[in-house]
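Observations on the three-dimensional arrangement
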Amino acid sequence: MDSISSTIIRTFIGFFVLFILIRLLGKKQISQMSFFSYITGLALGNIVGEMVIHKDIKIIDGITGIALWVFLTASIEFIVFKSSKARVLLDGEPTILIKHGKIIEKALSSNKLNMDDITMLLRIKNVFAVSEVEYAILEPNGQLSVLKKEEYEPVTKKDSNILVKRRPYMPTELIVDGKIVSRNLTELNINENWLTNELHLKGFQQVEDIFYAELQTDGTIYVDAKIKL
């Protein structure tokens, strides 16, 4: 077997083994990852990379290393899931950085943060003045949770005693690139006849002419037609 063929085979094996094992581990959004999850993910990818690039590493040895790493990671995640003490030890605890509008300098120092970091994190939350903040809490995943002072909170419908009706639907895609998303129709308990009738009312005769169609919260349909070249 030549070098190129070996690399191709190793890459495919590494990719599919990694895919299967990560599916077994479960999934988290990047923004929800703890530091431990992030590091273990990098390490797992590095092990696969080493197996693919270095021909002196046997494929079975690489797969064994990946499987063992996944097993250890899954074991730790299980312990963390079951034990609050282990969760605090591994992921850490939320830290209050601003309390009653007062910046807690000791908390900034312990988390290796400066005021530039804090103001940047606040701006991400659409807060441009520290004086508007009642509480700011640094979460274990590095995200900042912000509770504004009452006078800076936006007015809600409840505050204004506006009658609120329950939304009958959640915005859901019905057609994507000229094709009906059948599973969504089933979940919404609507059929294709209803959909085509609604499209006819909007002047569309063929589903293929529609780039995107979405069911709105009030039961109406938003339609974006394909651009004809």
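Residues numbered from 1 in each chain as written. Predicted model: local features only at pLDDT ≥ 70, side-chain atom pairs only at ≥ 80, totals over all residues. Heavy atoms only, no water.

The protein is annotated in an unreviewed UniProt entry as DUF421 domain-containing protein of Heyndrickxia vini.

With respect to the overall build of the protein
Helix and strand counts for the protein stand at eight helices and eight strands. Expected size for 229 residues packed as a compact globule is a radius of gyration near 17 Å; at 26 Å, the protein overshoots this value by more than 25%. Considered along the principal axes of its C-alpha atoms, the protein spans approximately 65 × 60 × 40 Å. The proportion of buried residues among the 229 residues of the protein is 23%. Restricting to contacts in the protein with at least 6 residues of sequence separation, those with at least 24 account for 50%. As presented, the protein carries roughly 16,600 Å² of accessible surface, and 59% of it is formed by carbon and sulfur atoms. Distance between charge centres in the protein, computed from 27 positive and 27 negative side chains, equals 4 Å. (Helix = DSSP H or I, 4+ residues; strand = E, 2+ residues; numbered from the N terminus. Rg over C-alpha atoms; globule rule 2.2 N^0.38 Å. Buried < 20%, exposed > 50% of the residue type's maximum accessible area, 1.4 Å probe, protein only. Contact = heavy atoms within 4.5 Å. Areas by Shrake-Rupley, 256 points an atom, 1.4 Å probe, with all protein chains shown as cover. Lys, Arg positive; Asp, Glu negative; His and termini not counted. Charge placed at Lys NZ, Arg CZ, Asp CG, Glu CD.)

Description of the pattern of salt bridges
The tally for this structure, following the rule as stated, stands at one salt bridge. The salt bridge involving Lys226 is made with Asp177; its shortest N-O contact spans 3.8 Å. Of this pair, Lys226 sits in the segment after β8 (221-225) while Asp177 sits in the loop between β5 (172-176) and β6 (179-180), placing them 49 residues apart in sequence. Take Lys226: its relative accessible area is 33%, and that puts it in the partly exposed class. Classification of Asp177 as partly exposed rests on a relative accessible area of 44%. (Salt bridge = Lys/Arg side-chain N within 4 Å of Asp/Glu carboxyl O.)

Observations concerning the pairing of strand β1 (residues 95-99)
Strand direction decides the pairing type here: β1 and strand β3 (residues 133-138), joined by four bridges, are antiparallel. Bridge pairing in β3 places Ile98 opposite Ala136. Note: β1 against strand β2 (residues 102-103), two bridges, orientation antiparallel. Looking at the pairing, Lys99 lines up with Lys102 of β2. As consecutive antiparallel partners, β1 and β2 are separated by two residues, and within that stretch His100 has a phi angle of approximately 50°, a positive value. (Pairing = 2+ DSSP bridges.)

Concerning unusual backbone geometry
With phi around 55°, Asn161 is a residue other than glycine that occupies positive phi space. By the secondary structure assignment, Asn161 is in the loop between β4 (144-148) and β5.

A short note on the side chain of Glu132
For Glu132, the location among the structural elements is in the loop between α6 (115-124) and β3. Not counting the four nearest positions on each side in its chain, Glu132 is found in contact with Val127, Lys148, Lys149 and Tyr152.

Some points on the pairing of β3
On a regular strand, one side chain projects to one face of the sheet and the next to the other, so that they alternate. Here β3 runs beside β4; their pairing, made up of five bridges, is antiparallel. By the bridge assignment, Ala136 is partnered in β4 with Val146. Hairpin geometry of β3 and β4 is characterised by an intervening segment of five residues between the two adjacent antiparallel strands and by a positive phi of about 90° at Gly142.

A few points about a nonpolar patch on the surface
A cluster of nonpolar side chains, namely Ile4, Ile8, Phe12, Phe15, Phe16, Phe19 and Ile20, defines an oily patch on the protein surface of about 770 Å² accessible area. Position of Phe15 among the secondary structure elements: in helix α1 (residues 3-25). (Patch = residues over 30% accessible without salt bridge, like charges linked within 9 Å, V, L, I, M, F, W, Y side chains within 5 Å.)

Things to note about the sheet that holds β5
Whenever strands of a sheet pair, they do so through backbone hydrogen bonds, lying parallel or antiparallel. Here four strands make up an open sheet; going across it, the order is β6-β5-β7-β8 and the pairing antiparallel. In this open sheet, the two edge strands, each paired with only one partner strand, are β6 and β8. Pairing analysis gives two bridges linking β5 to β6, with the strands arranged antiparallel. What sits directly across from Ile175, in β6, is Ile180.

What to know about helix α8 (residues 192-201)
Between a side-chain oxygen at the N-terminus of α8 and the backbone nitrogen of Asn193 the separation is 3.2 Å; the capping residue is Asn191. After α8 finishes, the residue Gly203 shows a positive phi value of roughly 90°. (Polar contact = N/O pair within 3.5 Å; in protein donor to acceptor, adjacent residues only side chain to side chain.)

A look at the UniProt feature "transmembrane region" (unreviewed entry) in the protein
UniProt records the feature "transmembrane region" (unreviewed entry) at residues 6-26, 35-53 and 59-81, using the numbering of this structure. Helix makes up 100% of residues 59-81 and strand makes up 0%, while its end C-alpha atoms are separated by 33 Å. (UniProt positions renumbered as here; feature names shortened; annotations may be inferred.)

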